[in-house]
Amino acid sequence: MSEEIVESAPQTARYATGAMFGVSAVTIWATWIAVTRLGVTTTLSVYDLTMLRFGAAGVLLFPVVLRKGIALERLGALRLLILVCSAGAPYVLVAASGLRLAPAAHAGALLPGSMPLFVALLSAVLTRERFTSSRLIGYALIAIGGAAIAGPTAFSLGETQLGHLLLLSAAFIWACYAIVLRASGLESLHAAALVSTGSLILYAPVYFAFHGLHGLDAPLRDIVIQTLFQGVMVSVVALFLFGKGIEILGASAGAAFSALVPPMAALIAIPILGETPSLVEQIALLCVSIGVYLASGGKAPRLHMLRRG
């Protein structure tokens, strides 16, 4: 008995450390959903917000790229491009467009909620990863919660439904980042630097060619808040924390923590956006939360343990 406890202690500590990184990252992302929706529905366009995000993050992390290089020999040109695009400007453009059209509670369930499903699917296809029954149940609960959020009008044509489609597309794009990051073995900060700097180099010329300095027409307060939050907290801090979680827990388990964003995002959206989820949405969010616990490696209570209690 004592030997089993000693052997399980390192695994427990490792899971706790990975969970700490994962929860910290998703807390920032939950706030990002509300803050981004507020920005793109008030004074800033999706294109402005993306420029502010990678303008700040690209400059801040450029020294890291200078010091560590672009990892072309490790990644190859194709995987480097996938890494930059799947967590960089293309991802943000698609995700922010979805946030402009769909409520924060919907975004919380469909964007981070479906990420672990796409990561699991890609892992199963590309790396033949196998999943325990608990994880499969978790993925099923996340899917059920997402379906409940979409509701019976999921296949109708409207702004909200288009927002749902964009959010699911963004989730798949991010799942590609998680898979490539895991396979590359890159340090989290190095990966974040490649994403931010690469996005700045690729996106800035396109933005200024088509939109000029339109973003500067927004109130200075909004520009400063979005620049600091998008460019520092989300693009640097959260991406680093997420990368550490992936390193410790693996792609599927690490990414599953992102599904904790739904309840957090729904709660944060109440004071910031005035959006209160309906009873059905609250139940769906609870379903997703239970699903992420199981999908991230949490153990379901066993019947014999319950009987002893």
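Residues numbered from 1 in each chain as written. Predicted model: local features only at pLDDT ≥ 70, side-chain atom pairs only at ≥ 80, totals over all residues. Heavy atoms only, no water.

Colleague: Explain the environment of Ser184 to me, please; I cannot follow it from the model alone.
Modeller: By the element assignment, Ser184 lies in helix H8 (residues 159–184). Here the alpha-carbon distance between Ser184 and Arg74, two residues 110 residues apart in the chain, equals 6.8 Å. Beyond its immediate stretch of four places on either side in the chain, Ser184 contacts Arg74, Leu75 and Arg79. Only 2.8 Å separates the side chain of Ser184 from the backbone oxygen of Leu181, close enough to count as a polar contact. (Helix = DSSP H or I, 4+ residues; strand = E, 2+ residues; numbered from the N terminus. Contact = heavy atoms within 4.5 Å. Polar contact = N/O pair within 3.5 Å; in protein donor to acceptor, adjacent residues only side chain to side chain.)

Colleague: Whenever I open this one, the pattern of salt bridges confuses me. Can you help?
Modeller: Charged atoms that come close allow side chains of opposite charge to pair. Applying the stated rule across the entire model yields three salt bridges. Among the ionic pairs, Arg37 bridges to Glu275, the shortest N-O distance being 2.7 Å. On the criterion of sequence distance, the pair formed by Arg37 in helix H1 (residues 2–40) and Glu275 in the loop between helix H12 (261–273) and helix H13 (279–295) is long-range, its members being 238 residues apart. Measuring nitrogen to oxygen at the nearest pair gives 3.8 Å for the salt bridge that ties Arg221 to Asp222. Judged by its relative accessible area of 63%, Arg221 falls in the exposed class. (Salt bridge = Lys/Arg side-chain N within 4 Å of Asp/Glu carboxyl O. Buried < 20%, exposed > 50% of the residue type's maximum accessible area, 1.4 Å probe, protein only.)

Colleague: Please explain empty space enclosed by the protein as it appears in this structure.
Modeller: Over the atoms, a rolling probe the size of a water molecule traces out where space has been left empty. In the structure shown here, the tally under the stated rule is one cavity of 30 Å³ or more. The calculated volume of the largest cavity comes to roughly 110 Å³. Taken together, Trp29, Trp32, Ile33, Arg53, Tyr91, Leu111, Pro112, Met115, Trp174 and Val261 form the lining of the largest cavity. Of the residues that constitute the lining of the largest cavity, the class distribution is nine nonpolar, no polar and one charged. (1 Å grid on protein atoms, 1.4 Å probe; cavity = no way out; pocket = protein on both sides within 12 Å on 5 of 7 lines; lining within 4 Å. Points joined across faces, edges and corners; volume = space filled by probe spheres on them. Nonpolar A, V, L, I, M, F, W, Y, C, P; charged D, E, K, R; others polar.)

Colleague: Sorry, what's going on with the confidence of the model for the protein chain here?
Modeller: Caution is warranted with low-pLDDT regions, since their predicted coordinates should not be read in detail. On average, residues of the protein chain score 83 in pLDDT, and 86% of them reach the 70 mark or higher. Contacts of residues 1–7 to residues separated by more than four positions or lying in other chains number zero contacts, the stretch itself having pLDDT below 50. Counting contacts from residues 303–309, a segment whose pLDDT is below 50, to residues more than four positions away or on other chains yields one contact. (pLDDT = per-residue confidence, 0-100.)

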